[in-house]
Amino acid sequence: MAAEALSSMPLTSLPRLSQGKVRDLFALPEAGKPTLLFVTSDRISAYDVILKNGIPSKGAILTLISAKWFEVLSSRVPGLKHHFLHLGPPAGSGLSQEEEQLLRGRSMTVRRLKIFPIEAIVRGYVTGSAWAEYEKTQTIHGLPQPAGLKRCERLPKPIYTPSTKAELGDRDINISPNEARGIVGDKYASRIEELALACYNAGAAYAEERGIIIADTKFEFGLDEETDEIYLVDEVLTPDSSRFWSKADYQVGREQDSFDKQGLRNWLTDNGLKGKPDVEMPPEVVEKTRARYAEVFKLMVGESFEEAFKKVA
Ligand code: ATP
Ligand code: MG
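Presented here is a report on the structure given in the accompanying data block. Keep in mind the model is a prediction, meaning the values are calculated, not measured.

With that settled, the discussion passes to the overall build of the protein chain. Broken down by element type, the protein chain carries eight helices and 16 strands. For the protein chain, whose C-alpha radius of gyration is 19 Å, the value lies close to the compact-globule estimate of 20 Å for 313 residues. With 313 residues in all, the protein chain has 50% of them scored as buried. Contacts spanning at least 24 positions in sequence make up 66% of the contacts within the protein chain whose residues lie at least 6 apart. Of the roughly 14800 Å² that the protein chain leaves accessible, carbon and sulfur atoms contribute 50%. Charge centroids of the protein chain, computed over 41 positive and 45 negative side chains, lie 3 Å from each other.

Here is the structure:
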């Protein structure tokens, strides 16, 4: 296992399509339907800023958690289609041995699709920006909610609360399901909402049996323009795309610690570094954060990250 965190992805054998905050996408040689290599780095952000150093193995932890979810959700959400084809690049992609080593556990071959430009957020609990809105207007993303909800309380039933999908550096804006309908079009809006809610419900139930509350999460969906079918894409139900809380520590009426990044956030705040650029985490903060991601992995996947990683070619 790489002891060093991988913050950039020095892959030269494949054409790079894009680089996001955490991921790099590479084009794969065409053989049938278009595919791409979806690679997750060890970069980490807190309070919307990317830290200078990363968390070793985080990219592989998130990739293997997503792969597990594609399997779990496929069997629990009727009719669900998803972009995941297999871990790693296809055989014969022309990568060097060093490149294959760098990618180990952190890449997956996926269908390349046209991404709907919204974030399909589902909330099961009222927290974060939704709590701020609720406190002011008793609505969440413009949707009226029952009176008397407390901070971080479970909602009577999960709600679909989309946002815009901002370009790198911009902030996503919360919108109502109706505004989302305007963006993706009537033809697809209801199916996206239905799939997002079904994936959240199935995922949250699975996680809760394992001691984790998924307070909210963000899904992305893409379209196969040839068949006109909607696919679940991107990472799925990871601690980076969701708010994970420990079920044992959960208490309504106060903020909850996030399962993975709380130690890092506390260290940043205590040291006056919240929101500052180019911050380097000291080794003990890196190690503690890594341990939290590994703990989430074990709870969700049912075996240690090290065990799972050994099985990845
Ligand atoms: P953040 O996740 O922090 O909101 P981001 O999504 O822009 O930021 P990354 O997660 O680093 O950044 O990048 C992943 C990108 O890959 C996203 O833009 C996502 O929409 C895109 N993507 C995911 N799955 C597919 C797919 N199957 N085909 C094409 N693009 C995809
Ligand atoms: Mg993303």
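Turning next to the site of ligand 1. Looking at ligand 1, there are 18 residues lining it, with Val 22, Arg 23, His 83, Arg 111 and Glu 220 nearest. Contact distances for ligand 1 include 3.1 Å between an oxygen atom and a side-chain N or O atom of Lys 21. Contact between ligand 1 and His 83: a nitrogen atom at 2.9 Å from a side-chain N or O atom of the residue. Within the complex, the protein chains bury 84% of what would otherwise be the 620 Å² of accessible surface of ligand 1. Looking at the shell around ligand 1, the elements with two or more residues in it are strand 2 (23-27), strand 3 (35-40), strand 7 (107-111) and strand 14 (212-224). Taken together, the residues of the shell around ligand 1 break down into eight nonpolar, two polar and eight charged.

Below, the discussion takes up the pattern of salt bridges. Scanning the model with the defined rule gives 27 salt bridges in all. Among the salt bridges present, the one from Lys 58 reaches Asp 240, with a minimum N-O distance of 2.7 Å. In this pair, Lys 58 sits in helix 1 (residues 58-76) while Asp 240 sits in the loop between strand 15 (229-233) and strand 16 (242-246), placing the two residues 182 residues apart along the sequence. A salt bridge links Lys 218 to Glu 119; the nearest nitrogen and oxygen atoms lie 4.0 Å apart. Of this pair, Lys 218 sits in strand 14 while Glu 119 sits in strand 9 (residues 118-125), and the two are 99 residues apart along the sequence. Here the two residues Lys 218 and Glu 119 agree in accessibility, since each one is buried. Put simply, Glu 119, Lys 165, Lys 218, Glu 220 and Asp 234 are held in one network by salt bridges that share partners.

Turning our eyes to something else, we now look at the sheet that holds strand 7. Taken in spatial order, the five strands line up as 1-2-3-7-6 in an open sheet, and their pairing is antiparallel. Edge positions in the sheet fall to strand 1 (16-19) and strand 6 (84-87), since each has one partner strand and no second. Pairwise comparison of adjacent strand axes, ignoring direction, gives a mean angle of 25° for this sheet. Alignment of strand 3 against strand 7, held across five bridges, turns out to be antiparallel.

This part takes up the nonpolar core. Counting 73 residues, the largest nonpolar core has Trp 69, Leu 73, Ile 192, Phe 219 and Phe 221 as the members making the most contacts within it. For this core, the element with the most residues is helix 5 (residues 186-208), which contributes 12 residues. Residues in contact with Phe 221, not counting those within four places in the same chain, are Lys 114, Ile 115, Phe 116, Ala 120, Ile 192, Leu 195, Ala 196, Ile 230, Tyr 231, Leu 232 and Val 233. In terms of nonpolar packing, the next biggest core, distinct from the first, is built from 10 residues, Leu 6, Met 9, Val 39 and Leu 95 among them.

Our focus in this paragraph is the packing of aromatic side chains. Applying the stated rule across the entire model yields 10 aromatic pairs. On the numbers, 6.4 Å between centres and 50° between planes, the contact of Phe 219 with Phe 221 is tilted. Assigned by exposure class, Phe 219 and Phe 221 land together as buried. When the ring centre of Tyr 206 is taken as origin, the NZ or CZ atom of Arg 210, which lies over that ring, is 3.5 Å away. The lysine or arginine in question, Lys 274, covers the ring of Tyr 47, its NZ or CZ lying 4.6 Å from the ring centre.

Before going further, it helps to spend a moment on unusual backbone geometry. The phi torsion at Leu 237 lies on the positive side, around 50°, for a residue other than glycine. Tracing the chain through its elements places Leu 237 in the loop between strand 15 and strand 16. With a phi angle near 60°, Asp 278 is a residue other than glycine that sits in the positive phi range. Among the structural elements, Asp 278 can be located in the loop between helix 6 (262-270) and helix 7 (283-301).

With that settled, consider empty space enclosed by the protein. Taken as a whole, this structure holds two cavities of 30 Å³ or more when the rule is applied. Estimates place the volume of the largest cavity at around 40 Å³. Around the largest cavity sit Ala 46, Val 49, Ile 50, Leu 51, Leu 268, Leu 273, Gly 275, Lys 276 and Val 279, which together line it. The class makeup of the residues in the lining of the largest cavity is seven nonpolar, one polar and one charged. Counted as a void, the second largest cavity has a volume near 30 Å³. Along the walls of the second largest cavity sit Arg 23, Phe 38, Thr 40, Leu 62, Thr 63, Ser 66, Met 108 and Glu 235, which together make up its complete lining. If you tally residues by element for the lining of the second largest cavity, the top one is helix 1, at three residues. For the lining of the second largest cavity, the class distribution of residues is three nonpolar, three polar and two charged.

Calculation notes
- Residues numbered from 1 in each chain as written.
- Chains lettered and ligands numbered in written order.
- Predicted model: local features only at pLDDT ≥ 70, side-chain atom pairs only at ≥ 80, totals over all residues.
- Heavy atoms only, no water.
- Helix = DSSP H or I, 4+ residues; strand = E, 2+ residues; numbered from the N terminus.
- Rg over C-alpha atoms; globule rule 2.2 N^0.38 Å.
- Buried < 20%, exposed > 50% of the residue type's maximum accessible area, 1.4 Å probe, protein only.
- Contact = heavy atoms within 4.5 Å.
- Areas by Shrake-Rupley, 256 points an atom, 1.4 Å probe, with all protein chains shown as cover.
- Lys, Arg positive; Asp, Glu negative; His and termini not counted.
- Charge placed at Lys NZ, Arg CZ, Asp CG, Glu CD.
- Near = heavy atom within 4 Å.
- Polar contact = N/O pair within 3.5 Å; in protein donor to acceptor, adjacent residues only side chain to side chain.
- Nonpolar A, V, L, I, M, F, W, Y, C, P; charged D, E, K, R; others polar.
- Salt bridge = Lys/Arg side-chain N within 4 Å of Asp/Glu carboxyl O.
- Pairing = 2+ DSSP bridges.
- Axes fitted to C-alpha atoms, helices over the stretch in contact; angles between N-to-C directions.
- Core = buried A, V, L, I, M, F, W, Y, C linked by side-chain atoms within 4.5 Å.
- Phe/Tyr/Trp six-rings, centres within 6.5 Å; stacked < 30°, edge-to-face > 60°.
- Lys NZ or Arg CZ within 6 Å of the ring centre and 35° of its normal.
- 1 Å grid on protein atoms, 1.4 Å probe; cavity = no way out; pocket = protein on both sides within 12 Å on 5 of 7 lines; lining within 4 Å.
- Points joined across faces, edges and corners; volume = space filled by probe spheres on them.

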